Structure formats: C-alpha cells, structure tokens
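Given next are the chains, with one letter for each unit.
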Amino acid sequence: MINDSLFATGPLSGLDIAALAFFLAGWVFHALGAEGHIVKRLSLTRAMNAQRTAWMATMARREVRIVDTSIMNGLQQGTAFFASSSLIAVGGCFALLGASDRVLAILSDVPLAGATARPLFEIKVIGLIIILAYSFFKFGWAYRLFNYCSILVGAVPQLGNRSEPDAEIEIAVMRATRMNQLAGKHFNAGLRGVFFSIGYLGWFVDARVFFVTTVVLLAVLIRRQFFSEARKAVLVQDSGPGNGSSIRPDSQ
C-alpha cells in the first residue's frame, strides 16, 4: 500500500528531500567531528578515550579490582537500559503506523503544520523506526563489547612483586583499553541516534520545522562536545590523562 501510494502521488517534495539530506549530513558531520576526523579541536569523546586509557593502566596496578568491576557493571546496566528503551520505542512506532488516521487528525491542528498525506506520514514513521533500530543495534553491540571488556579486565595479570608492568601486562592492558574504547564508541553512536531521533520529530510537523530542529540539535550537541563544562572538567590539566592522546580502535 505504501509503495503504491508513493509512486502514485510522489509524497516527498523537494523541500522534504532537502531537509532529510541536511539532517543526515549533520548527523555524519557530528559523528566525524566528535571522533576527531574533520575537527582538530579536542572533543569530549576523545578526551574521555584518554581517560579510559588511564583507567585501564591504573586498574593493572590494583590487586583488588572490585572498583573496576563495579564500573563495568554500571556501564553495562546503562547500555542495557538504552537498548531496551530503543526497542520499546520501535514497538511504539509500529503502533503509530496502525493509528495513522488519528495522529494525522491531531497533527492537522498543530500550528505551522500543513496537511500531511498518509503515505508521507508512513514514510516518516518508517524513517524513525530505522533510526531507533540503528540505535538498538549499536547499544546491543556495545553491551556485548563491555561484556568482553570485563573478561579482558579479568585477564590482566596482577603486578605482584614487580614494580613496573612487564610486556605481558602491557599487552593485556592494551587489549582491555581497545575493547573499552570500542564499546564506548558504539554506545556513543547509539546515543547519538537517540538524540537525532528527537530532531527528526520536527519533520512530522513540517519540513521547515525539520530544518530548525536539526540546527538546534546540532548546536546543542556541538556545544556539549567542544565547549561544555564537562569538557573543561576533563581538561583541567595541560598534560597527562585527558590531553587527547588516546588509543583509537582500528575497527569501526
């Protein structure tokens, strides 16, 4: 039904396509900027990667690692929460498809919202489902990687009578660090999808509102990554952990 209506009426206008392209371009730009691929300024994400490195190095010197396992449990629980929330939201979107007529009647009363054809509305909902499903898979994979990281933390040999870590310990710490950073990378990607799904909601009102919500969302996320108090808190010192030097995962 959706495909027939799409080819018959061509519900996506040029303004809709432009707004959607701007939204996707902003998403990609923010992701690349946060990871340091297109922006030289140190982002909060990259600074925290350096702190993950410092955490694993400190963990290797602790004989009792209850603190580290507690932190890993907290990371896993937070990831599991967002994964389950994303899955519930996907189910809600499918329910939204079944109530299209009622939702369209409500949207028709919203200021600035023009008349929306049902095929266009269904396309918008399907797009939202794709975004939330993407976030779910990212959170799910991050949960698995944090689980792997817990195993690698447990596999780091104890320092024992050695005053400095030897090659075996350093390699084990490197493995745990890379896995931790990669898990954080996928968690951030899932969280970014959730954030951008909020900006995507503007499209349900109008393509022009979609432009505005995308710009506002990008402004908020860019400020948090590059100009926030949280970033300043991590970079309180000029050298040492948090100065931007980090071990980047080779795999995406």
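From a predicted model like this one, the values you see are computed outputs, not experimental measurements.

**Structural notes on the environment of Ile-71**
Okay, step 1: Tracing the backbone shows Ile-71 in helix α4 (residues 66–98).
Okay, step 2: According to the relative accessible area criterion, Ile-71 is partly exposed, its value standing at 36%.
Okay, step 3: Through-space distance from the C-alpha of Ile-71 to that of Ser-150 is 9.8 Å; in sequence the pair is 79 residues apart.

**Some remarks on the packing of α4 against helix α7 (residues 167–200)**
Geometry of a packed helix pair, given as the angle between the helix axes and the separation of the axes.
Okay, step 1: Close contact between α4 and α7 brings their axes to 11 Å; oriented N to C, the two are set at 30°. When the axes of α4 and α7 are compared, the pair comes out roughly parallel. Here the hand of the crossing between α4 and α7 comes out left-handed. The segment α4 lies against α7, with Met-72, Gly-78, Thr-79, Phe-82 and Ser-86 engaging Asn-180, Phe-187, Leu-191 and Val-194.

**Let's talk about a nonpolar patch on the surface**
Okay, step 1: A grouping of Val-28, Phe-29, Leu-32 and Ile-38 is seen on the molecular surface, where their side chains present a nonpolar patch of about 340 Å² in accessible area.
Okay, step 2: Tracing the sequence through the fold places Val-28 in helix α2 (residues 14–34).

**Some remarks on the packing of helix α3 (residues 44–60) against α7**
Okay, step 1: Contact pair α3 / α7: the axes reach a minimum separation of 9 Å and the direction vectors enclose 145°. In the crossing of α3 with α7, the sense of the turn from one axis to the other is right-handed. Facing Thr-45, Asn-49, Arg-52, Thr-53, Trp-55, Met-56, Ala-57 and Ala-60 of α3, the residues of α7 in contact are Ile-169, Val-173, Ala-176, Thr-177, Asn-180, Gln-181, Gly-184 and Asn-188.
Okay, step 2: Taken together, the residues of the contact of α3 with α7 sort by class into seven nonpolar, eight polar and one charged.

**Description of the nonpolar core**
Okay, step 1: In terms of nonpolar packing, the biggest core is built from 24 residues, with Phe-23, Val-125, Phe-196 and Tyr-200 touching the most fellow members.
Okay, step 2: Among the elements that line this core, the one with the most residues is helix α6 (residues 118–154), at seven residues.
Okay, step 3: Beyond its immediate stretch of four places on either side in the chain, Val-125 contacts Cys-93, Leu-96, Leu-97 and Phe-204.
Okay, step 4: Judged by nonpolar contacts, the second largest core, of 22 residues, contains Trp-55, Met-72, Ala-83 and Leu-145.

**A closer look at the side chain of Gln-225**
Okay, step 1: Mapped onto the elements, Gln-225 comes out in helix α8 (residues 207–226).
Okay, step 2: Taking relative accessible area as the criterion, Gln-225 reaches 12% and is therefore assigned buried.
Okay, step 3: Non-local contacts of Gln-225, meaning those with residues more than four positions away in its chain, are made with His-30, Ala-34, Leu-42, Ser-43, Leu-44, Thr-45 and Arg-231.

**Quick notes on the confidence of the model for the chain**
Okay, step 1: Overall, the predicted model of the chain reaches an average pLDDT of 86, with 84% of residues at or above 70.
Okay, step 2: Here residues 1–9 is a poorly scored stretch, pLDDT under 50, and it has seven contacts once near neighbours within four places are set aside; other chains count.

**What to know about the environment of Ile-126**
Okay, step 1: Relative to the helices and strands, Ile-126 is located in helix α6.
Okay, step 2: Put simply, Ile-126 and Phe-94 are 32 residues apart on the chain and 8.4 Å apart in space, counted from C-alpha to C-alpha.

**Topic: the packing of aromatic side chains**
Okay, step 1: This structure, assessed with the given rule, holds 17 aromatic pairs.
Okay, step 2: On the numbers, 6.0 Å between centres and 80° between planes, the contact of Phe-23 with Trp-27 is edge-to-face. Note that Phe-23 and Trp-27 are positioned in helix α2 at a spacing of four residues, about one turn of the helix. Side by side, Phe-23 and Trp-27 carry an identical accessibility label, which is buried.
Okay, step 3: Between Phe-23 and Phe-210 the ring centres are 5.2 Å apart and the planes differ by 40°, which places this aromatic pair in the tilted class. Of this pair, Phe-23 sits in helix α2 while Phe-210 is found in helix α8, placing the two residues 187 residues apart along the sequence.
Okay, step 4: Within the aromatic cluster, the residues linked to one another by ring pairs are Phe-23, Trp-27, Phe-121, Tyr-134, Phe-196, Tyr-200, Trp-203, Phe-204 and Phe-210.
Okay, step 5: The side chain of Arg-224 reaches across the aromatic face of Phe-195, ending 6.0 Å from its centre.

Cut-off values and rules
Residues numbered from 1 in each chain as written. Predicted model: local features only at pLDDT ≥ 70, side-chain atom pairs only at ≥ 80, totals over all residues. Heavy atoms only, no water. Helix = DSSP H or I, 4+ residues; strand = E, 2+ residues; numbered from the N terminus. Buried < 20%, exposed > 50% of the residue type's maximum accessible area, 1.4 Å probe, protein only. Axes fitted to C-alpha atoms, helices over the stretch in contact; angles between N-to-C directions. Parallel < 35°, antiparallel > 145°, perpendicular 65-115°, else oblique. Left-handed = near helix turned anticlockwise from the far one by under 90°. Contact = heavy atoms within 4.5 Å. Patch = residues over 30% accessible without salt bridge, like charges linked within 9 Å, V, L, I, M, F, W, Y side chains within 5 Å. Areas by Shrake-Rupley, 256 points an atom, 1.4 Å probe, with all protein chains shown as cover. Salt bridge = Lys/Arg side-chain N within 4 Å of Asp/Glu carboxyl O. Nonpolar A, V, L, I, M, F, W, Y, C, P; charged D, E, K, R; others polar. Core = buried A, V, L, I, M, F, W, Y, C linked by side-chain atoms within 4.5 Å. pLDDT = per-residue confidence, 0-100. Phe/Tyr/Trp six-rings, centres within 6.5 Å; stacked < 30°, edge-to-face > 60°. Lys NZ or Arg CZ within 6 Å of the ring centre and 35° of its normal.

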